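Residue-level structural notes
Listed below, chain by chain, are the residues.
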Amino acid sequence: MTAFDDLRHLWLDRIAQASDEASLEELRVAALGKKGEISLKMRELGQMSAEERQVAGPALNALKDEVNSALVAKKAALGDAALDERLKAEWLDVTLPARHRRQGSIHPVSQVTEEVTAIFADMGFAVAEGPQIETDFYNFDALNIPGHHPARAEMDTFYTHRAEGDDRPPHVLRTHTSPVQIRYMEANGAPCRIIAPGRVYRADYDQTHTPMFHQVEGLAIDKDISMANLKWVLEEFFSAFFGTSVKTRFRASHFPFTEPSAEVDIQCSWEGGTVKVGEGNDWLEVLGSGMVHPKVLQAGGIDPNEWQGFAFGIGIDRLAMLKYGIPDLRAFFDSDLRWLRHYGFASLDMPNLHRG
Ligand code: PHE
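Here, residues in each chain are numbered from 1, in the same order as that chain's written sequence. Where totals are concerned, whole chains, interfaces and linings use all residues; where local detail is concerned, this predicted model gives features only for residues with pLDDT of at least 70, and gives and counts side-chain atom pairs only at 80 or more. Working from all heavy atoms in the structure, the side-chain values ignore hydrogens and water.

1. Some points on the packing of helix α3 (residues 37-44) against helix α4 (residues 50-89)
Axes, fitted as lines to C-alpha atoms, cover a helix only where it is in contact. Angles between the N-to-C directions of the axes lie from 0 to 180 degrees. The helix count covers DSSP runs of H or I at least four residues long, the strand count covers runs of E at least two residues long, and both are numbered beginning at the N terminus. At a minimum axis distance of 10 Å, the contact between α3 and α4 shows a crossing angle of 165°. Our classification of the angle between α3 and α4 gives roughly antiparallel. Both α3 and α4 take part in a crossing whose hand is left-handed. Residue-level contacts link I38, K41 and M42 of α3 to L60, N61, L63, K64 and V67 of α4. Side-chain classes are defined by residue name, with Ala, Val, Leu, Ile, Met, Phe, Trp, Tyr, Cys and Pro counting as nonpolar, Asp, Glu, Lys and Arg as charged, and the others, Gly among them, as polar. Residue classes in the contact of α3 with α4 are distributed as five nonpolar, one polar and two charged. Note that the term roughly parallel is reserved for angles under 35 degrees, roughly antiparallel for angles over 145, roughly perpendicular for angles of 65 to 115, and oblique for everything else. Note: crossing handedness is left-handed where the near helix turns anticlockwise from the far helix by less than a right angle, and right-handed where it turns clockwise. Whether two residues touch is decided by their heavy atoms; if any such pair falls within 4.5 Å, the residues are in contact.

2. What to know about the domain arrangement of the protein
The domains assigned to the protein are domain 1 (2-88) and domain 2 (108-349). Where each domain begins and ends follows an automated or database-derived domain assignment. For domain 1 versus domain 2, the separation of C-alpha centres amounts to 89 Å.

3. Notes on the pairing of strand β7 (residues 258-269)
Only protein chains enter the accessibility calculation, which uses a 1.4 Å probe. A residue is then buried if its area is under 20% of the maximum for its type, exposed if over 50%, and partly exposed in between. The buried fraction of β7 amounts to 10 of the 12 residues, a majority that puts the element mostly inside the structure. Across seven bridges, strand β6 (residues 248-255) lies against β7 in antiparallel orientation. Directly across from S253, in β7, lies its bridge partner S261. For two strands to pair, DSSP has to find at least two bridges joining them. Between β6 and β7, which pair antiparallel and follow one another directly, the connecting turn spans two residues. Sheet analysis places β7 next to strand β9 (residues 282-292), joined by nine bridges and oriented antiparallel. Bridge pairing in β9 places E263 opposite G288. As judged from the two bridges shared by β7 and strand β8 (residues 276-277), these two strands associate in the antiparallel manner. Within β8, the position partnered with C268 by the bridge is V277. Remark: six residues form the turn of the hairpin made by β7 and β8, two consecutive strands paired antiparallel; G272 in that turn has positive phi of roughly 70°.

This is the structure we're talking about:
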């Protein structure tokens, strides 16, 4: 019995001192595994006399059970300790203030495009889009600007490159959003009521011109649409956009794709060196417009004997400068962070739908 007592102390001690689950497993194998010390002792029972076995058998069994229970208990204790360690190590202070993150801002052009879209959507205009690289057909011919027409030269068009020997007319960077009129008419027919905001390109650069800028095209076609509807829609738009009632002045003008054509000014004052829209006795030109030319309707697949409508093109950047007091157009596209932080909008600023 003393021999088993020694064995018992030995294994219980080792188990008590095991510091992790791996060494505990080694102990289990060394004691109770196939060739473990206690297992071997059990095997020796076979060579004992019946009397000896009667004493040694139950004692060995009890030892085996005891060592087994000690292993299980120690394993549980080690598991608990490991969990405690992890909980301590992975402790998180949820009361810490959040790390500061730089926030971007909405560019004035994006903001104004949203505002314009919201106001026209309110008047039943859907949004259409077209490609920025256009064929000369959509940018010019279909809009009644033939090859020899001075408007082509006046537009300072950017032409794309054609491979040598390729005689097809080159594509152009669209010089205005008007080609979307044709694309939309072709695809959807009449009646229609759309705006088409987007980028346009002309080779021009000074305080009020950049080679890329933004326009929003308007097009409304129905059986009995007139210049009166055009004037109402524009005044409604400007009053909503500037948040005050704005008068417009129509000046006779000429565009190949409208007949009659008008340039439209909005009422403003120049007092103190800054423009204020919707007051005063001065006028500021903001857009071109007119009744869609019959040839343009035809090019869009619409019968000019049945349908008529108006079209207009407004400079979006110009609108943004006027509404938000931004003096230099070129800065719009410099990507200067200080400028963007100053003139940019918070992402949750909602489009302005106030009526004057
Ligand atoms: N496309 C013209 C421009 O770029 C504007 C315009 C649009 C005029 C529609 C009349 C009708 O200046």
